[in-house]
Amino acid sequence: MASGGAMRSLLRAEGLAALCAAVALYAWLDAPWWAFAAGFLLPDLAILAYLANARVGALVYNMAHSYVGPVALGLVGLHVDLQVGPALLAAAAVWTSHIGFDRALGYGLKHASGFADTHLGPIGRADRVRKA
């Protein structure tokens, strides 16, 4: 079921907060901004899984757009050596910023019923039809 009204706004604000925190972490790590730009859209490659079918597409897309992955990557980054750790933390920050950006724009996790059906409500044409 989609979230509406105040809850949808709160979830979008939460995404914006995650985006800001992740960008701040990335800046604090003093990682190269070209790498941030290069990696920012990588999670969207998960959309290719929709070529199989909507169920597989939603599963893979949601795996790439859940905070679980970047948090796990960041935790690994905190526990490995000093050469690899900061790079993993930076990658986790980029990944988190992408998810936060998507959420702030209203793009949520997908339902198996179709790409336009998200936990934040319908997107794209489905949203325009719903509002009409």
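This text goes with the structure placed above it.
Everything in this summary refers to the structure shown in the same document. Keep in mind the model is a prediction, meaning the values are calculated, not measured.

## Digging into the overall build of the protein
Consideration 1: Looking only at helices and strands, the protein has 6 helices and 3 strands in total.
Consideration 2: Starting at the N terminus and ending at the C terminus, the protein contains elements arranged as α-α-α-α-α-β-β-β-α.
Consideration 3: Here the protein, with 132 residues, has 37% of them falling under the buried criterion.
Consideration 4: The long-range fraction of contacts in the protein, counting pairs at least 24 apart against all pairs at least 6 apart in sequence, stands at 60%.
Consideration 5: Just so you have it, the protein exposes about 7,800 Å², and 72% of that area is on carbon and sulfur atoms.

## Observations regarding the environment of Ala104
Consideration 1: Summarising the element assignment, Ala104 is placed in helix 5 (residues 85-104).
Consideration 2: For the pair Ala104 and Glu14, spaced 90 residues apart in the sequence, the C-alpha separation amounts to 7.4 Å.
Consideration 3: Look past the residues within four positions of Ala104 in its chain and what remains in contact with it is Arg12, Gly15 and Leu16.

About the thresholds
Residues numbered from 1 in each chain as written. Predicted model: local features only at pLDDT ≥ 70, side-chain atom pairs only at ≥ 80, totals over all residues. Heavy atoms only, no water. Helix = DSSP H or I, 4+ residues; strand = E, 2+ residues; numbered from the N terminus. Buried < 20%, exposed > 50% of the residue type's maximum accessible area, 1.4 Å probe, protein only. Contact = heavy atoms within 4.5 Å. Areas by Shrake-Rupley, 256 points an atom, 1.4 Å probe, with all protein chains shown as cover.

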